[in-house]
Amino acid sequence: MRYAILCYNDEAVTSAWSKEEDDAVMEKLEVVQERLRQEGKLGPAIRLLPTTAATTLRKAQNLVVDGPFAETKEQLLGFYIVDVETLEDGLQIARDLAVANPGGAYELRPIALFLPGIEMT
Amino acid sequence: MTTDPAWIDAALTSARPQAVSALLRYFRDLDLAEEAFQDACLRALKSWPEKGPPRDPAAWLILVGRNSGIDGVRRRSRLQALPSEEVLSDLDDVEAPLAERLDGSDYRDDILRLLFICCHPDLPAVQQVAVALRIVSGLSVRQIARAFLVSEAAMEQRITRAKAKIGQANVAFEAPGPAERAERLAAVAAVVYLIFNEGYSSTVAEADARAPFAEEAIRLGRLLLRLFPTEPEIMGLDALMMLQHSRAAARFDENGQIVLLDDQDRGLWNRTLISEGLALIDKAMRHAAPGPYQVQAAIAALHARAANAADTDWPQIDRLYAALEQMNPSPVVTLNRSVAVSKTQGPEAALAMIAPLEGELGSYFYFHGARGSYLKQLGRKEEARVAFDRAIALANSAPEAAHIRQHLDSLAGETG
């Protein structure tokens, strides 16, 4: 059984951490992550950049808006990780996906840290 | 677990601009607002570890600060002595509606106003920076004094004087109209960039003391973008600061010598900041409303995207500098553009481009440094030596002088 563990916190607070505080948190997390890796339980782990860097595509209107997806009546149902040169390339992929699956929105948020984890097949 | 001291510290830091600015609107007095915030922080340090952190730290601090400020006013006017521990109970019930009221434009205009009063036109740039760091960011007078290489007492005095001037300024407390809001935002963006530039120092020793400035400026930039999420120039400002700061670790070698962009170890560049900066400049460009911060960020982005110095898209950088010259005509912009021109058209063209600037930039270190380097590339060694000598005489720091001396040494090496 695979689970995604989604991380929530107040980004105004976490981005007020000093580098030392941030490093200390990451170090403590790494202890847990290393154990999970040993146990063969840890897949990819990702840290996202702040929502101020996000861009949202509203699929129905093909409308691009600044900022994160803010509605509450839709739920987070999944995500893709893509490797592209520019935001425009990322938006093009999102539009292609939207043709296949209209309805709702895609939020594009740059990734700060990508830990691949163990291979899960 | 979330009430450990580091979390509380970060929560107080991040809530400060919102809380102090709301208290300022309430009391219309900066000293009183700051005092009330201090008081609220002290109570938070006592209450949060015991009762757990509030859902919305800023709303909690505003409410407690407002009550303690009122108590202070009452005590001073001898109407009523009111130690109000009871205020702290059942606070969560009051907190939610208050937080809702804080949301939206009030909160946005509050923070904008607080930053805006720091940009008082009568204050010299350095004092604007000092006051903003003290009031908005809450850096200690000692930290600020250390960064500006003055005594704590001298800095304290400067900040007190600056605050007195601000107190007389009479900034309107009504919500600003759209034109005034845009004007305030531009002034505030400028002071944030000033803070950033004060952190962008030319020696390692200074870089250490001033490192918090650049980080604080980026934090304020992100805050502005949360308040104005669709402003392309704020995206540009943030991108510019992040892309420049991403190179901080590569700017000096182990001996404290300056390492030029072309020679920097790109492996030392901060990829996380680059990702955020590139995302922001790409977002900004979609608006097709260019401005000076966006153009400068676009230039920094071309450097960040180049895998090595030889891959740099100099023709595009030249075009962007040309656009910047149109928006912001300045001899320094032309001097920067000449670097791109030297790469695309050669040192002769670059030299011709900066020749008319001698009058305005004659006492500018970088002018003579660049001129010397073009002359050297052209093999005009004697003239290059004269230019480098003048640059050394005008250097702002030992590493700057040392960097030019390397050029002189290599000239001597070629002749001798």
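The preceding data block contains the structure.
Residues numbered from 1 in each chain as written. Chains lettered and ligands numbered in written order. Predicted model: local features only at pLDDT ≥ 70, side-chain atom pairs only at ≥ 80, totals over all residues.

Draft legend 1. View of the overall build of chain A. A count of helical and extended segments in chain A gives 3 helices and 5 strands. Listed by position from the N terminus, the elements making up chain A come as α-α-β-β-β-α-β-β. Counting only C-alpha atoms and orienting by the principal axes, one finds that chain A spans roughly 45 × 40 × 30 Å. A total of 121 residues make up chain A; the buried ones form 15% of that total. Taking the contacts inside chain A whose residues are at least 6 apart along the sequence as the reference set, 69% of them involve residues at least 24 apart. (Helix = DSSP H or I, 4+ residues; strand = E, 2+ residues; numbered from the N terminus. Buried ≥ 20, exposed ≤ 12 C-beta atoms within 10 Å, placed from the backbone. Contact = placed C-beta atoms within 7 Å.)

Draft legend 2. Broad picture of the interface of chain A and chain B. Tallying the contact residues gives 21 residues for chain A and 19 residues for chain B. Taken together, the elements giving at least two residues each to the side of chain A that touches chain B come down to α1 (11–14), β3 (63–66), α3 (87–100) and β5 (111–115) of chain A. Here the side of chain A that touches chain B takes 3 residues from β5(A), the largest share from any one element. Classifying every residue of the side of chain A that touches chain B by side-chain character gives 13 nonpolar, 5 polar and 3 charged. (Nonpolar A, V, L, I, M, F, W, Y, C, P; charged D, E, K, R; others polar.)

Draft legend 3. Summary view of the nonpolar core. With 122 residues, the main nonpolar core has L23(B), L61(B), L115(B), A132(B), V188(B) and V192(B) as its most contacted residues. Considering every element that reaches this core, the biggest residue donor is helix α1 (residues 5–27) of chain B, with 11 residues. (Core = buried A, V, L, I, M, F, W, Y, C linked by C-beta atoms within 7 Å.)

Draft legend 4. Spotlight on the packing of helix α13 (residues 292–305) of chain B against helix α14 (residues 314–327) of chain B. Residues and elements named next belong to chain B. Two elements in contact, α13 and α14, have axes separated by 10 Å at closest approach and are oriented at 165°. Taken as axis vectors, α13 and α14 run roughly antiparallel relative to one another. For the pair α13 and α14, the sense of crossing is left-handed. Counted together, P292, V295, Q296, A298, I299 and L302 of α13 and Q316, I317, L320, Y321, A323, L324 and M327 of α14 form the full contact between these two elements. (Axes fitted to C-alpha atoms, helices over the stretch in contact; angles between N-to-C directions. Parallel < 35°, antiparallel > 145°, perpendicular 65-115°, else oblique. Left-handed = near helix turned anticlockwise from the far one by under 90°.)

Draft legend 5. Up close: the packing of helix α11 (residues 232–245) of chain B against helix α12 (residues 271–285) of chain B. Residues and elements named next belong to chain B. It is at 8 Å that the axes of α11 and α12 come closest, and there the two elements cross at 155°. As far as their axial angle goes, α12 and α11 are roughly antiparallel. When you trace α11 past α12, the crossing you get is left-handed. Where α11 abuts α12, its residues P232, M235, G236, D238, A239, M242, L243 and H245 lie against L273, I274, E276, G277, L280, I281, K283 and A284. Considered class by class, the residues forming the contact of α11 with α12 number 10 nonpolar, 3 polar and 3 charged.

Draft legend 6. Quick peek at the sheet that holds strand β2 (residues 55–58) of chain A. All names here are of chain A. Taking strand neighbours across the sheet as the criterion, the 3 strands line up as β3-β2-β4 in an open arrangement whose pairing is antiparallel. At either end of the open sheet lies a strand with only one pairing partner, and these are β3 and β4 (105–108). Each strand of the sheet is rotated relative to its neighbour by a mean of 20°, with strand direction disregarded. This element, α3, spans β2, β3 and β4 of the sheet and lies at about 160° to β4. (Pairing = 2+ DSSP bridges.)

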